[in-house]
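Chains, contacts and geometry: an overview
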Amino acid sequence: MKSGYLYTLLGLLSFSSLGVLHKVADVKQCRPAAVNALIYGWSLLFSVLTVMLIKDSTPSAPASVISIAVPFGVAASIAILAFQAGIRHGDIATSWLAINLSAGIPTIASILIYNEPLSFQKTIALLLIPVSMTLLFIDKRHADRRREQSEPNAVASGRVRR
Amino acid sequence: MKRDSGIWLRLMLVAFVSNGLGPFGLKILTERNLSAFQPQYLVYWYLGGAVFGLIAFLKSSRHVAAREVALGAAMGLCSLCGQTFTGLALSNGVPGHVAFPLTTGGSLFLVAAAGIFLFHERVGPYGVAGIILGIVSLILLSIV
């Protein structure tokens, strides 16, 4: 059990590092299309190595598996491309939440397609998603207005923009 | 570069919808009794993403910078490690209602903290409220 919690901590650190690296890529002015292509290129290599060396198997799979995997992989790639382009216009603190709130979509899809039960807790969780997104957007608009108001002053007083 | 909240919202909505669709394939795989092929599924899932990523990249450029290669590798590794460690946690006896809220809610908290303290981002009261409600929502989705 102790090792299980250590793995949980390592999982948490890995996902958090991923979010921070998205911001680092933006700060280092990496192009979103290049970052997206390279994330998936490297991940493809790592996953092939995992299947072959750790699982001691081969990457071959039935056509039914491939036909499900490829379109959903394309959808995830579109997500990373849009996200990396989006953080040029926003903060990682709020953008990371916006993309992670998408966990509600498979929940809704499971309810609609597979008739999974909708519990009270799930209902509250799903209702909180648009509320949270709206609050993030309001905060973003306020931040942009503050920036627009402060930038002419900063230029006039000779202060350097961050 | 001028930061535009309208563009940010549009791109985040695209990311929100497509990122939500991305993992749903695993649910379909399970429903069709194909879970045994999960490692192979991930290979083709990444292949689909890589082909789309390559096409999108080649439309705009044909060269990559060393920092993009290094950061792409680090991010790919983080993505794979995150999924692998979460899977190992579950198989080592950590219940899902503990592992998922810790990894998703915890990562949201840590990344928001990094944005504020490392990158000096300013989050206003609406943003703080949005982050707290978002973390609560994700924790509720993880434990039910």
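Keep in mind the model is a prediction, meaning the values are calculated, not measured. (Residues numbered from 1 in each chain as written. Chains lettered and ligands numbered in written order. Predicted model: local features only at pLDDT ≥ 70, side-chain atom pairs only at ≥ 80, totals over all residues.)

To continue, consider the overall build of chain A. Within chain A one finds six helices and zero strands. Beginning at the N terminus, the succession of helices and strands in chain A can be written as α-α-α-α-α-α. Taken over C-alpha atoms, the radius of gyration comes to 21 Å for chain A, far larger than the 15 Å a tight globule of 162 residues would show. Judged by the C-alpha coordinates and their principal axes, chain A covers about 65 × 40 × 40 Å. When the 162 residues of chain A are sorted by exposure, 50% land in the buried category. (Helix = DSSP H or I, 4+ residues; strand = E, 2+ residues; numbered from the N terminus. Rg over C-alpha atoms; globule rule 2.2 N^0.38 Å. Buried ≥ 20, exposed ≤ 12 C-beta atoms within 10 Å, placed from the backbone.)

When the parts of a complex come together, some accessible area is lost, and that lost area is often taken as the interface size. Facing the 108 residues of chain A at the interface are 101 residues of chain B. Going through the elements one at a time, α1 (2-27), α2 (32-54), α3 (63-86), α4 (92-100), α5 (104-114) and α6 (120-156) of chain A are the ones with two or more residues in the side of chain A that touches chain B. Here the element with the most residues in the side of chain A that touches chain B is α3 of chain A; it accounts for 20 residues. For the side of chain A that touches chain B, the per-class residue count stands at 65 nonpolar, 31 polar and 12 charged. (Contact = placed C-beta atoms within 7 Å. Nonpolar A, V, L, I, M, F, W, Y, C, P; charged D, E, K, R; others polar.)

Here we come to unusual backbone geometry. Non-glycine residue Q29 of chain A carries a positive phi angle of around 60 degrees. As for its placement among the helices and strands, Q29 of chain A is situated in the loop between α1 and α2.

With that settled, consider helix α6 (residues 125-143) of chain B. End to end, α6 of chain B covers 27 Å across 19 residues, agreeing with the expected 27 Å (1.5 Å per residue, within 8%). Looking only at α6 of chain B, the buried set comprises G127, G130, I131, L133, G134, I135, S137, L138, I139, L140 and L141 of chain B. (Expected span 1.5 Å × (residues − 1).)

Residue and element names in this part refer to chain B. Taken over all residues, the pLDDT of chain B has a mean of 88, while the share at 70 or more is 98%. Summarising per-element confidence for chain B, the mean pLDDT is lowest in helix α2 (residues 24-31) (85) and highest in helix α3 (residues 38-60) (94). Model confidence for the complex is summarised by a pTM of 0.86, with the ipTM given as 0.88. (pLDDT = per-residue confidence, 0-100.)

Right, let's get into the nonpolar core. Residues A79 of chain A together with Y41 of chain B are the most contacted members of the largest nonpolar core, which totals 90 residues. Among the elements that take part in this core, α3 of chain A stands out by supplying 14 residues, more than any other. Y41 of chain B has contacts with A61, V65 and A69 of chain A together with L29 of chain B, leaving out every residue within four places of it along the chain. (Core = buried A, V, L, I, M, F, W, Y, C linked by C-beta atoms within 7 Å.)

Another aspect to go through is the confidence of the model for chain A. All names here are of chain A. With 92% of its residues at a pLDDT of at least 70, chain A reaches an overall mean of 87. Looking across chain A, the model is least confident in α6, with a mean pLDDT of 83, and most confident in α3, with 95. Confidence over residues 157-162 falls short of pLDDT 50; this stretch has three contacts with residues more than four positions distant or in other chains.

A few words now on the packing of α2 of chain A against α3 of chain B. Where α2 of chain A meets α3 of chain B, the axes come as close as 8 Å, and the angle between the chain directions of the two elements is 155 degrees. The orientation of α2 of chain A with respect to α3 of chain B, classified from their angle, is roughly antiparallel. At the point where α2 of chain A passes α3 of chain B, the crossing takes the left-handed sense. Taken together, the residues of the contact of α2 of chain A with α3 of chain B sort by class into 16 nonpolar, nine polar and no charged. (Axes fitted to C-alpha atoms, helices over the stretch in contact; angles between N-to-C directions. Parallel < 35°, antiparallel > 145°, perpendicular 65-115°, else oblique. Left-handed = near helix turned anticlockwise from the far one by under 90°.)

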